[in-house]
Every structure is written in C-alpha cells, then in structure tokens.
Amino acid sequence: MGWADHVIWWHVYPLGFTGALHAGPGHRLGRLVDWLDYAVELGASGLQLGPVFASESHGYDTVDHFRVDPRLGDDADFDRLVAAARGRGLHVLLDGVFNHVGRGFHAPDHWLRRTPGGDVAVFEGHGSLLALNHDEPEVLDHVVTVMDHWLDRGASGWRLDAAYAVPPVFWRRVRERLTHADAWLCGEVIHGDTYLRESGLDSVTQYELWKATWSSLNDGNLFELAHALQRHNGFLADGVPATFVGNHDVTRIASRLTDERHLGHALAVLFTVGGVPGVYYGDEQAFRGVKEDRDGGDDEVRPEFPATPADLSPLGWPTYRLHQRLIGLRRRHPWLTHARTEASDLTNTAVALTSSSGDDRLVTLLNIGDEPVDFPVEGSTLLESDPPSDGRPAGRVPGHGWSVLG
C-alpha cells in the first residue's frame with residue numbers, strides 16, 4: 001500500500017477560506033497555516049487545496065499556471081504552507097485546471113480547441129473559459145511541465161479539474177512523462193464507468209455514491225444506496241475512487257439532508273466503504289450552504305473561515321467530534337480503502353452494509369425509520385454508534401440511529 005492508501009483529505013477552497021476571492025493582492029495563504037493543527041486533530045492526513053494559481057476570478061479561469069494568485073500571496077507563501085503541512089505529516093494536493101484557461105492566458109492560438117465553425121471553443125457555455133486542444137503536443141508538454149514544477153516544490157499530487165472533458169488518453173500520456181512516479185492523480189469525473197481504467201489515473205471523483213448517499217436518506221429508499229455501492233465495487237477494480245459527502249461545487253450535506261438526524265448516517269457510509277475519503281472544510285462543523293446556478297452562486301459553499309479555530313461557533317463542535325470518531329475508526333482499519341461493500345437485510349429504511357477485504361470485515365447498520373430494527377449480527381462487537389450504546393444488543397439500532405460493528 002502506498003501513501004495514498006492511508007490519506008484522508010481536508011479539502012479547502014483557499015480563495016474563499018482566506019477571504020481573498022473578492023479582494024486585492026495580499027499574503028493570505030499563510031492563514032491556512034494556523035488551521036493545520038485543526039486538520040490533524042480532525043484526523044486528516046492530507047490538505048487538498050482548491051485553485052491557488054493566478055486567475056481572473058474564481059480560480060478556475062487560470063491565466064498563469066506557474067504563479068501563485070496575487071490575492072493569496074507568492075512563491076514564498078506557498079513554500080511556507082507546504083513546509084508547515086509536511087512538518088505535520090500532511091500531504092498536499094493541488095487543483096490543476098488543464099481542460100480550459102481564462103481569456104487572459106497567454107498561449108499560441110493553436111493551443112486552443114476550435115468549433116466546427118472555426119471559433120475558439122469554450123467550456124460548457126462559459127465564455128470566459130477557453131478550451132485547450134489536448135491533441136496538441138505543446139499542450140501536453142505544458143501540462144507535464146506545470147505538474148512536475150509544483151511536485152518538485154513539495155506537492156504530493158493533483159486533482160484534475162473537469163477531467164471528464166479531456167480525452168482519457170491525454171492523462172495516460174501525462175502519467176507516462178511525469179518524473180514523480182508516486183504522485184497521486186485524481187480526475188474530476190461525473191460518471192466514472194470506464195474513465196478510470198482508460199485514463200490511467202489513480203482515482204476519480206465518486207459523484208454517483210455522493211448522490212445516492214443523500215438522496216437515499218432523504219427519500220427513504222436505501223435500495224438506491226445499495227445499488228450505488230454495487231457500482232462502487234466495480235470502480236474499485238480499476239482504482240480507488242475519491243469519496244465525499246461535500247465539496248466546493250455542491251450544496252453542503254447539512255443543507256442537503258431533509259432530516260438532520262441522518263448526518264451521521266451519511267458520514268458512517270463515507271468512512272466505512274472503499275475509497276479515498278475527503279472532508280470539505282466547514283462540513284466537519286455542520287456548516288450550511290446552498291449552491292445556486294447563477295453568478296456568485298458558489299459563494300455560500302465557499303465561505304471565509306475565521307482567523308483561528310477558537311473563533312468558530314460552539315454549535316459545530318459536536319459534528320467535529322463525530323468526524324473525529326469515524327475518521328479514527330477509519331484509520332484503525334486502513335484496509336477499508338480497498339474494501340468491497342455488500343448490502344443485506346435491506347428495506348426502504350434499514351440496511352446492513354458489510355465492508356470486507358480478505359479476512360477483515362466491518363458492518364455498518366443504518367436505520368432511518370422511526371422504530372428500532374434488530375439485525376442478525378451474532379458475535380459482533382459494537383465499535384461506534386449514534387445514539388450511544390445503552391447496553392442494548394449489538395444488532396439493535398434505534399429509530400434514526402446507526403452503528404458500526406466489528
């Protein structure tokens with residue numbers, strides 16, 4: 001198992017976190033250093049950063065892949081952050097926007113993709129985002145050079161934005177030329193049926209499981225979750241998907257769930273099934289936020305954080321401690337990264353999820369109904385639960401409760 005088999009990401013959108021998004025130049029990246037101990041205490045072993053390179057607005061309209069965004073600081077600020085993270089045992093994952101660039105990006109005309117009519121292609125109708133031509137060898141050279149440059153500077157890997165819009169063979173060629181063989185490459189993919197295998201990437205984002213987790217809890221239809229986990233088992237044959245219940249592009253899980261009692265159920269799934277899990281900053285404090293399809297519609301899910309953890313509201317700390325418990329369980333069972341999960345005792349409102357790898361096995365019991373459920377789990381030991389155990393049998397789960405058994 002490599003380092004990525006043990007990583008749990010704390011995912012931060014720096015332009016929002018530091019208050020830089022709508023500000024002028026400044027040395028703000030250092031604000032993250034004061035939160036690294038908080039991430040370590042949460043249980044994270046990696047810091048996943050949103051865009052930090054010079055851009056025109058939100059970071060995904062890059063104008064210079066070799067320059068830190070002036071709103072965040074400069075190379076020295078970046079180096080200090082990486083050194084501080086590494087000093088605490090945290091890997092650093094960068095956000096690489098290589099499908100498209102901002103209009104201010106200086107590139108030869110042949111680097112840009114053209115429509116059949118001869119116009120410069122834009123990404124998904126966004127006129128400010130010009131699509132790169134991934135059949136052009138110079139574009140491949142540029143991406144490899146950029147990625148190696150920042151890996152040389154201490155990054156451990158890359159999240160590849162909008163990877164689904166790039167021919168998979170492009171990433172395979174990138175992988176073959178990188179000088180850092182242990183770099184972890186994760187592509188943003190909405191539907192991951194074959195992309196992971198065809199691209200040669202280490203991971204892709206698992207949006208199918210994300211959607212099934214919250215919608216099955218909301219709809220009282222755990223059959224949807226069971227089906228998604230069967231699909232998830234198939235993805236694990238090709239690599240290790242990146243799993244999550246929140247990120248910078250979606251409504252926060254605490255706002256998405258119609259019954260706040262089911263937040264623990266979503267987290268229990270995240271931390272007991274196969275994959276590389278990530279926690280989006282603020283989710284560990286039960287932050288609310290709704291994404292809207294309009295200009296500025298992401299701002300609510302990309303907020304500024306206070307100067308230090310001591311400035312957070314006391315209302316969020318129980319959720320933080322819940323994350324600590326489940327992340328601690330995950331780290332005590334590192335084999336879960338590659339585990340397959342099977343559903344049994346399945347009804348609309350209850351399910352037993354057995355995650356196993358070799359001789360190792362955990363069972364996650366979910367009950368989103370009003371009445372207690374008794375699962376047939378003879379000989380199992382209760383490891384975590386909500387509500388806490390009151391001496392009840394290990395297989396008994398109260399209404400709207402969950403348990404993890406070993």
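Everything that follows concerns the structure shown earlier in this document.
This write-up is about the structure you can find in this document. Please read these numbers as outputs of a predicted model, since none were measured by experiment. (Residues numbered from 1 in each chain as written. Predicted model: local features only at pLDDT ≥ 70, side-chain atom pairs only at ≥ 80, totals over all residues. Heavy atoms only, no water.)

1. Some thoughts on the overall build of the chain
The number of helices and strands found in the chain is eleven helices and 20 strands. Computed over its C-alpha atoms, the radius of gyration of the chain comes to 21 Å, within 12% of the 22 Å expected for a compact globule of 406 residues. Each principal axis of the C-alpha atoms in the chain carries an extent, and together these give about 70 × 45 × 40 Å. Across the 406 residues of the chain, 58% fall into the buried class. Accessible surface computed for the chain: about 15,800 Å², of which carbon and sulfur atoms make up 50%. Taken as two groups, the 35 positive and 57 negative side-chain charges of the chain have centres that lie 1 Å from each other. (Helix = DSSP H or I, 4+ residues; strand = E, 2+ residues; numbered from the N terminus. Rg over C-alpha atoms; globule rule 2.2 N^0.38 Å. Buried < 20%, exposed > 50% of the residue type's maximum accessible area, 1.4 Å probe, protein only. Areas by Shrake-Rupley, 256 points an atom, 1.4 Å probe, with all protein chains shown as cover. Lys, Arg positive; Asp, Glu negative; His and termini not counted. Charge placed at Lys NZ, Arg CZ, Asp CG, Glu CD.)

2. Regarding the layout of surface pockets
Its boundaries defined by the atoms lining it, the largest pocket holds a volume of some 1,000 Å³. What lines the largest pocket is a set of 35 residues, and nearest its centre among them are H126, D249, K291, D298 and R302. At the level of secondary structure, the elements contributing two or more residues to the lining of the largest pocket comprise strand 8 (126-131) and helix 7 (207-219). Per-element accounting of the lining of the largest pocket gives the leading share, four residues, to helix 7. When its volume is computed, the second largest pocket comes out at roughly 220 Å³. Taken together, E260, R261, L263, G264, A286, R288, L315, P318, T319, L322, R325 and D386 make up the lining of the second largest pocket. Elements that contribute at least two residues to the lining of the second largest pocket include exactly helix 10 (263-272) and helix 11 (317-332). Among the elements that make up the lining of the second largest pocket, the one with the highest residue count is helix 11 (four residues). Class assignment for the residues of the lining of the second largest pocket results in five nonpolar, two polar and five charged. (1 Å grid on protein atoms, 1.4 Å probe; cavity = no way out; pocket = protein on both sides within 12 Å on 5 of 7 lines; lining within 4 Å. Points joined across faces, edges and corners; volume = space filled by probe spheres on them. Nonpolar A, V, L, I, M, F, W, Y, C, P; charged D, E, K, R; others polar.)

3. Let's talk about the packing of aromatic side chains
Under the definition given, this model contains 26 aromatic pairs. On the numbers, 6.5 Å between centres and 35° between planes, the contact of F105 with W111 is tilted. A relative accessible area of 11% places W111 in the buried class. Here the aromatic cluster, defined as three or more aromatic residues joined through ring pairs, consists of W10, F17, W35, Y38, Y280, Y281, F287, F305, W317 and Y320. For the cation-ring pair, R252 lies above Y281, with the distance from its terminal atom to the ring centre recorded as 5.7 Å. We note R256 situated over the ring of W214; from NZ or CZ to the ring centre the distance is 4.2 Å. (Phe/Tyr/Trp six-rings, centres within 6.5 Å; stacked < 30°, edge-to-face > 60°. Lys NZ or Arg CZ within 6 Å of the ring centre and 35° of its normal.)

4. Some thoughts on the sheet that holds strand 9 (residues 157-160)
Taken in spatial order, the eight strands of this open sheet run 11-10-9-5-2-1-13-12, and their pairing is parallel. The open sheet is flanked by strand 11 (203-204) and strand 12 (242-243), the only strands paired with a single partner. The sheet contact formed by strand 1 (residues 9-12) and strand 2 (residues 46-49) spans four bridges and is parallel. Across the sheet, W9 pairs through a bridge with G46, a residue of strand 2. (Pairing = 2+ DSSP bridges.)

5. Here we look at empty space enclosed by the protein
Tallied over the entire structure, the rule returns three cavities of 30 Å³ or more. In this structure, the largest cavity spans a volume of roughly 200 Å³. Every residue lining the largest cavity is counted, 21 residues in all, and those nearest its centre are H11, Q48, T205, A242 and F244. If you list the elements that add at least two residues to the lining of the largest cavity, you get strand 1, strand 10 (184-187), strand 12 and strand 13 (276-280). Top element by residues in the lining of the largest cavity is strand 13. It accounts for five residues.

6. Let's talk about unusual backbone geometry
Residues apart from glycine generally show negative phi values, whereas peptide bonds are mostly found in trans. D386 connects to P387 through a cis peptide bond whose omega is 0°. Relative to the assigned elements, P387 resides in the loop between strand 18 (382-386) and strand 19 (396-397). Residues other than glycine seldom take positive phi values, yet E124 does so here, at roughly 50°. Relative to the helices and strands, E124 resides in the loop between strand 7 (122-123) and strand 8. A positive phi angle is found at D345, which is not glycine, with a value near 50°.

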